[in-house]
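What follows is the residue order along each chain.
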Amino acid sequence: FIMRAAINVGRRVALSRLLALSVLPFTPRNVPALQSPPSELVKLAAARGKAADLVTDLPKLGNDELPVYVPQLAALTLKATPAQLRALSPRLDPKTIDLAAILEERVSKLSSAGAARDAGTVKSEAMAIVKSLDEALSLASAVYALPPQPSTFDVTSYFGPFTCEGVGLQRKPESNECVDKNGE
């Protein structure tokens, strides 16, 4: 009788352990969980957005605005990106150190090209900075949960029927006034 009770207890314990294992979700031990992004990574993503905005806004900039806008953008937003990338490099791929050096060179070239009013070099350097930051962010995505990239704001989809377009009209450029689609 004692032997039979011990076998039944052993079966119950084994069955309960097996049931507990089947209920728990499978999580591999060798794969680390993605960490929340540090402030440096958030700033890198924001700098990438600013550099991409420069590429799209460059045709709108006049020759007089170029030597003011581009060096200011480089000094205020992009100059800190190599240091931010170096701060992240101990946790990331060693390639990030090379990317930080490349970014530092590209930002200085962008600033000098803007001061010299060379729109072609500004565009090529800004595109190279975007590409380098994309590569850095993809390397960081192996360790950190990346912040979402800012998208363009669409008034119509946000406000729906409360926009000019939602009621069949058109918004007057640089205004909050609605006009007919003919412009009247």
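Residues numbered from 1 in each chain as written. Predicted model: local features only at pLDDT ≥ 70, side-chain atom pairs only at ≥ 80, totals over all residues. Heavy atoms only, no water.

Participant: Hey, could you go over the overall build of the protein chain for me, with residue numbers and the actual values?
Facilitator: For the protein chain, the count of helices and strands is seven helices and two strands. Going from the N terminus to the C terminus, the protein chain shows its helices and strands as α-α-α-α-α-α-α-β-β. Look at the contacts in the protein chain between residues 6 or more apart in sequence, and 63% of them connect residues 24 or more apart. Carbon and sulfur atoms make up 59% of the accessible area of the protein chain, which totals about 12,600 Å². (Helix = DSSP H or I, 4+ residues; strand = E, 2+ residues; numbered from the N terminus. Contact = heavy atoms within 4.5 Å. Areas by Shrake-Rupley, 256 points an atom, 1.4 Å probe, with all protein chains shown as cover.)

Participant: Kindly report on the environment of Ser-141, identifying the contributing residues and their values.
Facilitator: With respect to the element layout, Ser-141 can be found in the loop between helix H6 (119-140) and helix H7 (155-159). Looking at Ser-141, the relative accessible area reads 33%, which means it is partly exposed. In this structure, the C-alpha to C-alpha distance between Ser-141 and Leu-92, residues 49 residues apart in sequence, is 9.3 Å. (Buried < 20%, exposed > 50% of the residue type's maximum accessible area, 1.4 Å probe, protein only.)

Participant: Please set out helix H3 (residues 66-78) residue by residue, giving values where relevant.
Facilitator: Three or more residues of H3 are buried, namely Leu-66, Val-70, Pro-71, Leu-73, Ala-74 and Leu-78. Taken end-on, H3 shows its buried residues confined to a sector of 155°, consistent with a single buried face. Elements in contact with the buried residues of H3: helix H2 (39-57), helix H4 (81-88), helix H5 (95-115) and H6. (Arc of directions from axis to C-beta.)

Participant: Account for the packing of H5 against H6, naming residues and giving values.
Facilitator: Interhelical geometry of H5 versus H6 gives an angle of 160° and a closest axis separation of 9 Å. In this view, H5 runs roughly antiparallel relative to H6, as classed from their interaxial angle. H5 and H6 meet at a crossing whose hand is left-handed. In this structure, H5 contributes Lys-95, Thr-96, Leu-99, Ile-102, Leu-103, Arg-106, Val-107, Lys-109, Leu-110, Ala-113 and Gly-114 to the contact, and H6 contributes Thr-121, Val-122, Glu-125, Ala-126, Ala-128, Ile-129, Ser-132, Leu-133, Glu-135, Ala-136 and Leu-139. (Axes fitted to C-alpha atoms, helices over the stretch in contact; angles between N-to-C directions. Parallel < 35°, antiparallel > 145°, perpendicular 65-115°, else oblique. Left-handed = near helix turned anticlockwise from the far one by under 90°.)

Participant: How would you sum up the environment of Asn-63? Please name residues and give values.
Facilitator: Tracing the backbone shows Asn-63 in the loop between H2 and H3. Asn-63 gets classed as partly exposed once you look at its relative accessible area, which sits at 49%. In the structure, Asn-63 is positioned 51 residues away from Gly-114 in sequence and 9.7 Å away in space, judged by C-alpha atoms.

Participant: An account of the nonpolar core is requested, with residue identities and associated values reported.
Facilitator: If you look at the biggest cluster of nonpolar residues, it comprises 33 residues, and the most contacted ones within it are Leu-54, Leu-78, Leu-110 and Ile-129. When contributions to this core are tallied by element, the ones reaching two or more residues are H2, H3, H4, H5 and H6. If we skip the residues at most four places from it in the chain, Ile-129 touches Ala-51, Leu-78, Leu-103, Arg-106, Val-107 and Leu-110. (Core = buried A, V, L, I, M, F, W, Y, C linked by side-chain atoms within 4.5 Å.)

Participant: With reference to specific residues and values, describe the pattern of salt bridges.
Facilitator: A full pass over the atoms with the stated rule returns eight salt bridges. Two residues, Arg-48 and Asp-134, come together in a salt bridge whose shortest N-O distance is 2.6 Å. Highlighted residues: Arg-48 in helix H2 and Asp-134 in helix H6, separated in sequence by 86 residues. Salt-bridge contacts for Lys-172 lead to Glu-177; the nearest nitrogen and oxygen are separated by 3.6 Å. For Glu-177, a relative accessible area of 42% gives the class partly exposed. (Salt bridge = Lys/Arg side-chain N within 4 Å of Asp/Glu carboxyl O.)

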